[in-house]
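# Inside the fold
One letter stands for each residue in the lines below.
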Amino acid sequence: MSDAVETGNGLVPVQHHQFDISDEDGPAGDVLGRGHNGLVRVIDGAITLMTGIHTGDVDVTVTLHNNEPAPDDGDWQEIVEISADSASGELMVRGIMDDLDEELDPVPWGDTRSSERPAAW
């Protein structure tokens with residue numbers, strides 16, 4: 001049974017294989033270099049997720065949970081989990097080099113889990 005309380009979904013632009021999760025009012029996480037893993041890093045307070053595509057749009061779903069969710073038993077090739085913080089109470093998912101005309105709804109404050117299934121075409 002899922003304890004998901006809110007879900008948002010939308011296309012996010014990718015440039016140079018990446019997009020960001022950030023908070024305008026403060027750092028979203030502690031520094032985590034790319035050498036830690038190949039999927040996620042935290043630099044200058046922004047969480048950067050790496051993708052298989054160089055440029056284009058990726059379909060991103062963000063789900064807010066009341067409690068830490070159980071590990072995903074899906075067909076993921078690799079899963080990376082980090083903690084995220086939000087000084088403003090809102091984390092934004094956005095392209096790294098775009099001012100989006102439309103952004104995904106902010107993620108309300110709470111613990112955030114990031115899971116990504118890398119794919120290359």
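Report on the accompanying structure. It should be emphasised that the depicted structure is a prediction, and the values quoted were computed from it without experimental measurement.

Cut-offs used in this document
Residues numbered from 1 in each chain as written. Predicted model: local features only at pLDDT ≥ 70, side-chain atom pairs only at ≥ 80, totals over all residues. Heavy atoms only, no water. Helix = DSSP H or I, 4+ residues; strand = E, 2+ residues; numbered from the N terminus. Buried < 20%, exposed > 50% of the residue type's maximum accessible area, 1.4 Å probe, protein only. Salt bridge = Lys/Arg side-chain N within 4 Å of Asp/Glu carboxyl O. Core = buried A, V, L, I, M, F, W, Y, C linked by side-chain atoms within 4.5 Å. Polar contact = N/O pair within 3.5 Å; in protein donor to acceptor, adjacent residues only side chain to side chain. Pairing = 2+ DSSP bridges.

### Topic: the environment of Val60
- Considering the arrangement of structural elements, one finds Val60 in strand β5 (residues 56–65).
- We classify Val60 as buried; its relative accessible area is 11%.
- Distance in space between the C-alpha atoms of Val60 and Gly10 is 5.6 Å, their sequence separation being 50 residues.

### Some words on the pattern of salt bridges
- Enumeration according to the criterion identifies 1 salt bridge in this entry.
- Note that Arg94 is salt-bridged to Glu24, the shortest N-O span being 3.1 Å. Of this pair, Arg94 sits in strand β6 (residues 90–95) while Glu24 is found in the loop between β2 (18–22) and β3 (40–43), placing the two residues 70 residues apart along the sequence.
- In this structure Glu24 comes out as exposed when scored by relative accessible area, which is 62%.

### Structural notes on the nonpolar core
- Counting residues in each nonpolar core, the largest one holds 19 residues, and the members touching the most others are Phe19, Ile47, Val58 and Ile82.
- Put simply, the parts of the chain that give this core at least two residues each are β1 (4–14), β2, β3, β4 (46–50), β5 and β6.

### Topic: the side chain of Arg94
- Residue classification places Arg94 among the buried positions, given a relative accessible area of 16%.
- In terms of polar contacts, Arg94 uses its side chain to reach the side chain of Glu24, at 3.1 Å.

### So, the pairing of β2
- Most of β2 sits inside the fold, with 5 of its 5 residues counted as buried.
- Of the two faces of β2, the one holding Gln18, Asp20 and Ser22 and the one holding Phe19 and Ile21 are both buried throughout.
- Of the strand pairs in this sheet, β2 and β4 are connected by 4 bridges, and their pairing is antiparallel. From the neighbouring strand, Ile21 faces β4, where its bridge partner is Ile47.
- As paired elements, β2 and β6 share 4 bridges and run antiparallel to each other. Across the sheet, residue Asp20 finds its bridge partner in β6, namely Arg94.

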